[in-house]
Amino acid sequence: MSNKDSIIHSTILGTSRKRATAALLAFWTSVVDSDDDDDNVIVSQQLLTTREHGESKRVCIKNYVAIVESYSLDGIVDFRKHFRLTKMSFEEVLIKIGDKLSMASSVHHTGRPGNDAKTQLLVGLWILANQESYRTVADRFDLTISTAWCYFRKVVDTLVSIASDVIQWPKNESQRQCFSTEFRKRQGFPNVIGAIDGTHIPIVAPHNMANSYINRNKYYSIVLQGVCNARYKFIDCYAGPPGSVHDARVLKMSPLGKKLNHNIHDLVPSDYHLLGDSAYSNASHLLTPYKDNGHLSRKQKNYNYKHSATRVAIEQAYGLLKGRFRILRYVNIYDTKVIPSVIISCCVLHNICVDANDVDVEPYQEDADANVAVGINDRNLDTKGRIKRDDIAEIIN
């Protein structure tokens, strides 16, 4: 190559790098939220630095973690704006899973030393809390795409491994009384230990059996079944059934449903009950609304109103969950075996945040008909359930 050709070649490379940097900067600005102005400042500063130095063919953000941490400590940037949870909640999560992350990554799969547990957790949280591609996440944290995915999977799997310690059914009478007292403060509905419902998690069209994942609203989804207490903390979670499966069927398939069939009074003693919508059959352990056939009595209408106003806790819990972990608004992962773990990991983090009183989150508003219950036949009701419902309707009248 001649000297003249070398100069032209270098100029072309430099121009291409500048254009790539400018394009990437424009892209970062488009993918972050309007409330993340400070994030735009950090990104632009780092991109400009990389562009000036011409350090690599791929434009990445250098020392992003260190900068965000230092800014957060100084109060200039809110840690929650970046990772959707407070610094205190983050430290609590790190205490719970940091050692496991460190052991799992003492040596990276390429033979190079792995990043510390804190960086892995930040990468995992970023992916759960934002709608970004793995390429942009890798550029943000100055990682390869495969490493970003590896860190994400390790964080998810490690969170799922502690789910039984964080998502817990009330174990004794004292806890059941505590739960029911909190629920009763809402509308005076007695002896409620949990509200149950299913919600759809939108997903990309799967490669296998895609039609079974199309729900009644005509999009691909996986069902999350949750039971929560009055503080919006999950006490049971189950994820995995395709979106076409009805809520009542999901309950029967779930570990909770099987336990209820095996020995119901261990989970829900006769004096207590769950509240569910009309998608479920009314029973002594799971009270549903009266079916509105246009001839409900005033007492029954009052029961339905107070039932709904108490049961709404589970819908509010889902609003907080999806408001914080935006990946749950659309999971762009083709492997449907991985998605349930992603969902449960978010539920684990949600509970940790609730325990840390970190609930200042803008709830995600579902479409009006997104989770409207498809009622089941209200005939042949469980006799004990019918009597119990009538008795409570009388008590709260």
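Only a predicted model underlies this, so the values are computations on that prediction, with no experimental measurement involved.

Attention now moves to the overall build of the protein chain. Broken down by element type, the protein chain carries 16 helices and 5 strands. Within the span of the protein chain, comprising 397 residues, buried residues form 48% of the whole. Considering only contacts within the protein chain whose residues lie at least 6 apart along the sequence, 69% involve residues at least 24 apart.

All right, on to the packing of helix α6 (residues 117–129) against helix α8 (residues 145–161) then. One can describe the packing of α6 onto α8 by two numbers: an axis separation of 8 Å at closest approach and a directional angle of 90 degrees. Looking at the two axes, α6 sits roughly perpendicular to α8. Together, Q120, L121, V123, G124, I127 and L128 of α6 and A148, Y151, F152, K154, V155 and V156 of α8 make up the contact between the two elements.

The 5 strands are arranged β3-β2-β1-β4-β5 in an open sheet whose pairing can be described as mixed. Each having just a single partner strand, β3 (234–242) and β5 (286–287) make up the two edges of the open sheet. Sheet topology places strand β4 (residues 273–275) next to β5; 2 bridges connect them, and they run parallel. Residue L275 lies in a different strand from β5, and its bridge partner there is L287.

So, on to the packing of helix α7 (residues 134–141) against α8. Following both chains from N to C, one finds α7 and α8 inclined at 95 degrees, their axes separated by 8 Å at the closest point. One element, α7, and the other, α8, form an angle in the roughly perpendicular class. Residues Y134, R135 and A138 of α7 touch α8, and the partners they reach there are I145, A148, W149 and F152. For the contact of α7 with α8, a count of residues per class yields 6 nonpolar, no polar and 1 charged.

On to the environment of S212, then. Considering the arrangement of structural elements, one finds S212 in the loop between β1 (192–202) and β2 (221–228). Separated by 32 residues in the primary sequence, S212 and S244 have C-alpha atoms spaced 5.7 Å apart. The contacts of S212, once residues within four sequence positions are left out, are P242, G243 and S244. A polar contact of 2.8 Å, which involves the side chain of S212, links it to the backbone oxygen of M209.

So, on to the pattern of salt bridges. Across all of its chains, the model carries 13 salt bridges by this definition. Between K185 and E182 there is a salt bridge, with the nearest N and O atoms lying 3.2 Å from each other. Highlighted residues: K185 and E182, both in helix α10 (residues 173–187), separated by 3 residues, approximately one helical turn. On the basis of relative accessibility, which here comes to 30%, the residue E182 falls in the partly exposed class. Close ionic contact of K299 with E394 constitutes a salt bridge, the shortest N to O distance being 2.4 Å. Placement of the pair is K299 in helix α13 (residues 298–311) and E394 in helix α16 (residues 383–395), with a sequence separation of 95 residues. The exposure class assigned to K299 is partly exposed, which follows from its relative accessible area of 27%. For E394, a relative accessible area of 46% gives the class partly exposed.

Attention now goes to the nonpolar core. Judged by nonpolar contacts, the single largest core of 77 residues is most densely connected at F83, F141 and F234. In terms of residue count, helix α15 (residues 339–355) provides more of this core than any other element does, 10 residues in total. Lining this core are residues from two domains, each supplying at least three of them: domain 1 (64–165) and domain 2 (167–396). Listed in part, the 16 residues of the second largest apolar core include W169, L260, Y280 and L286.

Our next topic: the pairing of β3. In terms of burial, β3 is largely enclosed, as 8 of its 9 residues are buried. Note: β2 against β3, 6 bridges, orientation antiparallel. When the bridges of β3 are listed, G226 appears paired with C237. Two successive antiparallel strands, β2 and β3, enclose a turn made up of 5 residues, where Y232 displays a positive phi of approximately 70 degrees.

Basis of the calculations
Residues numbered from 1 in each chain as written. Predicted model: local features only at pLDDT ≥ 70, side-chain atom pairs only at ≥ 80, totals over all residues. Heavy atoms only, no water. Helix = DSSP H or I, 4+ residues; strand = E, 2+ residues; numbered from the N terminus. Buried < 20%, exposed > 50% of the residue type's maximum accessible area, 1.4 Å probe, protein only. Contact = heavy atoms within 4.5 Å. Axes fitted to C-alpha atoms, helices over the stretch in contact; angles between N-to-C directions. Parallel < 35°, antiparallel > 145°, perpendicular 65-115°, else oblique. Pairing = 2+ DSSP bridges. Nonpolar A, V, L, I, M, F, W, Y, C, P; charged D, E, K, R; others polar. Polar contact = N/O pair within 3.5 Å; in protein donor to acceptor, adjacent residues only side chain to side chain. Salt bridge = Lys/Arg side-chain N within 4 Å of Asp/Glu carboxyl O. Core = buried A, V, L, I, M, F, W, Y, C linked by side-chain atoms within 4.5 Å. Domains from an automatic or database assignment.

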